[in-house]
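Working through the structure, step by step
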Amino acid sequence: EEEEEEVEPEEEPEEEASEEEEEEEEEEEEEEEESDVDSPSTSSPTNNKSRRNVVESSEQDINGGVSPAPPTSSAVVSDKTIRTIAKLVDARLVGEFEKREAALTEMQQTMSKMRMQLQVQSNNWRQFIARNKGKSKVGSVRSKTKVDNSDSISPQPPKGRRASAVARFDSYQFDPSLPRVARIKKKKPGELNELDLHRAAAANSVVRYAESRSAVYEPSDFDPEKASTQHPHSTLTLEHVHGFSGKVATNTNALWLKSGEIVFPASAAVVIMDTENNTQRFFLEHDDDVMALAVHPKVDIVASGQLSRKAFVLVYDVTQSNQDGISFINELNLGVNSRGVKCLDFSPDGELLLSIAADPYHTVTIWDWKRNTKLSSARANNAEVFAMRFSPYQCYSRDMVPAHECEYTLVSQGSRHIKFWTLEPDDSVVVEGAKDEKEARALAQRLGRWKIEANAASFGTKAKMQDIMCTTFVLDTEADIANEIAPSGRVLCGTESGAIFVFSTMEEPRTDEDQFGNIKKPVAEEDEDDEDMKINKPVKWAARGALINVVKDAHNGTVFDIAAAGSSNVVATCGKDGLLKIWQISPVEEGDELTLRRSVSVVGAGPLLGTPRSLSFNNSLDKIAIGTTGNSIVECSIDGVGVSLQGGRVNKINITGMDCVVKGHANNIKQVACHPSEAMYASVGDDRSLNLWSSEENRLISSLRMQDKICSLSFHPNGEHIAVGLLNGDVYVKSIPDSEDGEWGTVTMKKTGNQIKKEIGGAWQARGGGRKAV
């Protein structure tokens, strides 16, 4: 305390002295600023004195351990020096910012000048083309408005490997009087060559139609004054379609009619074809690709659905004896954001129609297609659903019971799932005015109140879950309602691993309880004229299924489709291995075994057919329609299955023939060319095939497989040779075969690098090279 008392009175004179020193230092700083001091390195006596005072005070603290004294005038001087340096730095930064603003202003002026030049060139573009059309040399663009072109900048060429050749062609012109290397001269800014004029003329003459996917150009010698504004008297009528939509419609898409015709989709058309006479009829009311087809089980009525944001289904009558041709019946709208129709199927009695939308939930809708009424709807699955079908056997259809007593079973399959469904009128709905349960069910059915339920199948330990690609149904016991015998059957499924799964639908005895709780069975009444009579339905099916057998390695790859031959025990399958296999399934009491009867390759039935994707038996069970991924349809003739229609047992099955009745390209078609004198034409596409067609007989004459995708073709005027251009740059000249079984000629021209080689009798000869190559 005594020491502190001694120190405190000494501080006051120091503070007074410090204030006087501060005033002196401020005056010195002002003098330094006026004399333009550039660096703080110049030392003053006061600064040296302040440094000595700081050193002495630090030594005194270390030696004597006395607490540091309050800051003296030397510390204040150092802070002011720092502020001086900061002011100098600020002045330097202000100068740099001024330079930056000047550069930005200059840049903006340059950009404004460029925009003015581009605008002037755009306004005078058409006048310039008209003025310079036909001239070999073109000068720079001159505008009526005076613009300083001293700083004009030519537009940058497009980037990318593909645009490099165009950029080089646009940037250079060639003088024919000079050698090839020396005659190259740089194109001036704004100068146009013949390619520029051609592009501008094409851009002005292009016409786009809503119905056309590509641009349409007017002829080069087109004169608008001579053009007629009247429509031509002749019209176009569709005569024949080669190929079908084998990749768009992925379900069973080639179906048989009662008349013996085949119905299939082809882009936005539905084709009805008589394979014996090679004639076709068409339904052309769709405006986009047809995705799904279904045929009525009793009459020739077809339902087709298309790809669309607001998808719809069209139902029409295609009876061959109809004098009015194809007659439209009804249109069923699936609603907004349905995106398309993935699957269609009629009920066994033909009264109901099933549709699956291509929306994310794969919405299932049950329709009364005659009255355009939606009976029920549900979400099938969030995963992809491939197809859904009515069971033709395990049901109480309107052929057996009145409308209000109908019950149906269905099966849906898709990505890693298979579901079993039940559909019946919803008797739980309270309908006002109904006297009893029977009348309530009838009213519920008439009002469109149906109940649909579904559950996933049980696999147990027999197999693991995988993609189920296709399903079909096999009859075990026919229904006999009068004798209380319910129909029974099994479900066969093809899988992605090549196996065949056999499922059974769960069923339970149907019993009723009276008012006293006694169990009784309903008995059919004798009065058959009464539509509301009580019908005996001894079995009730549950929305559940169980796996009972697995046939492994049925195909070497995915099983794409499976079809049952009517009510017989014969089943046909097709797979990724390109094989068609005929199986015979044993009864339930013998173990549900599948026995292979016949196997044949579909790929060998014709060139570039692809793998089989769709199967369908005709009504007489002697033919199978096979749709392939090559957009072709193969008709397979079989013998031995039809005996099941007369109640006989199938013992032997033979495949008697296989013909390609519909042939198309497996991929996009690039070009079509007509023969100069004969009734034939050729087509090429991305499937590397050159097809020669007969326009009189509407059939394929010959086909040739090339080494790469074909981009173009043309007939020689003599009609004996045809030239094709490939994607890799090669050009071939082929001789046309003389007959259907003839081979394409061996005289071939091929461009390889800078040489063109000619093949004569199997020997290659080089013809020139370098600049003089022909």
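Look up a bit, the structure's there.
Let me begin by describing the structure that accompanies this report. (Residues numbered from 1 in each chain as written. Predicted model: local features only at pLDDT ≥ 70, side-chain atom pairs only at ≥ 80, totals over all residues. Heavy atoms only, no water.)

1. Things to note about the overall build of the protein chain
Using the following cut-off: The helix and strand labels rest on DSSP assignments: H or I over at least four residues marks a helix, E over at least two residues marks a strand, and numbering proceeds from the N terminus. Burial classes follow relative accessibility: with a 1.4 Å probe on protein chains only, a residue under 20% of its type's maximum area counts as buried, one over 50% as exposed, and anything between as partly exposed. Whether two residues touch is decided by their heavy atoms; if any such pair falls within 4.5 Å, the residues are in contact. To be clear on the numbers: accessible area is Shrake-Rupley with a 1.4 Å probe, and residue cover counts the displayed protein chains and nothing else.
Assigned secondary structure in the protein chain consists of 7 helices and 44 strands. Residue burial in the protein chain is summarised as follows: out of 774 residues, 41% are buried. Residue pairs in contact within the protein chain that sit at least 24 positions apart in sequence constitute 50% of those at least 6 positions apart. Summed over all atoms, the accessible surface of the protein chain reaches about 45,100 Å², with 48% contributed by carbon and sulfur.

2. Thoughts on the pairing of strand β6 (residues 262-266)
Here is the rule: Only strands joined by at least two bridges in the DSSP assignment are considered to pair.
Here β6 lies mainly inside the structure; 5 of its 5 residues are buried. Alternating residues of β6 divide into Ile-262, Phe-264 and Ala-266 and Val-263 and Pro-265, and every residue in both groups is buried. Across 2 bridges, the pairing between strand β5 (residues 255-256) and β6 is antiparallel. The residue bridging Leu-255 from the neighbouring strand is Val-263, located in β6. The hairpin turn running from β5 into β6, its antiparallel successor, is 5 residues long, and Gly-260 in that turn takes a positive phi close to 90°. Direction of pairing for β6 relative to strand β7 (residues 269-274): antiparallel, over a ladder of 5 bridges.

3. With respect to the pattern of salt bridges
So the rule is basically this: For salt bridges, the criterion is a side-chain nitrogen of Lys or Arg within 4 Å of an Asp or Glu carboxyl oxygen.
Summed over the entire model, instances satisfying the criterion amount to 13 salt bridges. Residue Glu-424 pairs with Lys-540 through a salt bridge whose shortest N-O separation is 3.5 Å. With a gap of 116 residues between them, Glu-424 in strand β19 (residues 417-425) and Lys-540 in strand β26 (residues 539-551) connect regions that are remote in the sequence. Taking the shortest distance from any N to any O, the salt bridge between Glu-635 and Lys-623 comes out at 3.6 Å. Of this pair, Glu-635 sits in strand β33 (residues 633-639) while Lys-623 sits in strand β32 (residues 623-628), and the two are 12 residues apart along the sequence. Exposure class is identical for Glu-635 and Lys-623. Each is buried. Linked through salt bridges whose partners overlap, the residues forming this network are Glu-351, Lys-370 and Arg-398.

4. Observations regarding the packing of aromatic side chains
Put simply, the rule is: Within 6.5 Å between ring centres, the rings of Phe, Tyr and Trp (the latter by its six-membered ring) count as paired, and their orientation is classed by plane angle as stacked under 30 degrees, edge-to-face over 60, tilted in between. Criterion for a charge above a ring: Arg CZ or Lys NZ at most 6 Å from the ring centre, at most 35 degrees from the ring normal.
This model, assessed by the stated rule, comprises 10 aromatic pairs. Relative to Trp-369, the ring of Phe-346 lies with its centre 5.9 Å away and its plane at 85°, an arrangement referred to as edge-to-face. Placement of Phe-346 in strand β13 (residues 341-346) and of Trp-369 in the loop between β15 (363-368) and β16 (373-379) is noted, with a sequence separation of 23 residues between them. The class for Trp-369 is buried, based on a relative accessible area of 4%. Taken together through their ring pairs, the aromatic side chains of Phe-420, Phe-459, Phe-501 and Phe-503 make up a single cluster. The lysine or arginine in question, Arg-613, covers the ring of Phe-560, its NZ or CZ lying 4.6 Å from the ring centre.

5. Regarding the pairing of strand β10 (residues 301-306)
The buried fraction of β10 amounts to 6 of the 6 residues, a majority that puts the element mostly inside the structure. Burial along β10 is two-sided: Ile-301, Ala-303 and Gly-305 facing one way and Val-302, Ser-304 and Gln-306 facing the other are all buried. As defined by bridge partners, strand β9 (residues 290-295) adjoins β10 across 5 bridges and the pair is classed as antiparallel. Directly across from Leu-293, in β10, lies its bridge partner Ser-304. Where β9 folds back onto β10 in an antiparallel hairpin, the turn is made up of 5 residues. Sheet topology note: the β10/strand β11 (residues 312-317) ladder contains 5 bridges and is antiparallel.

6. Remarks on a nonpolar patch on the surface
For clarity, the threshold we go by: Candidates for patches are residues over 30% relative accessible area with no salt bridge; among them, like charges are joined within 9 Å and nonpolar side chains (Val, Leu, Ile, Met, Phe, Trp, Tyr) within 5 Å.
Nonpolar side chains collect at one region of the surface, where Ile-85, Val-89, Leu-93 and Phe-97 lie side by side and expose about 340 Å² of accessible area between them. Along the chain, the position of Ile-85 falls in helix α3 (residues 73-123). Since its relative accessible area comes to 33%, Ile-85 is described here as partly exposed.

7. Remarks on the sheet that holds β33
Keep this limit in mind: Axes here refer to lines fitted to C-alpha atoms; in helices the fit is confined to the stretch in contact. Angles between the N-to-C directions go from 0 to 180 degrees.
Here we have 4 strands laid out as an open sheet, ordered β31-β32-β33-β34, and antiparallel in their pairing. In this open sheet, the two edge strands, each paired with only one partner strand, are β31 (612-617) and β34 (654-662). Between one strand and the next, the sheet's axes are offset by a mean angle of 25°, whatever the strand orientation. As defined by bridge partners, β31 adjoins β32 across 5 bridges and the pair is classed as antiparallel. Paired with Pro-612 across the two strands is Thr-628, which belongs to β32.

So far we have only geometry, and geometry alone does not tell us how the molecule works.
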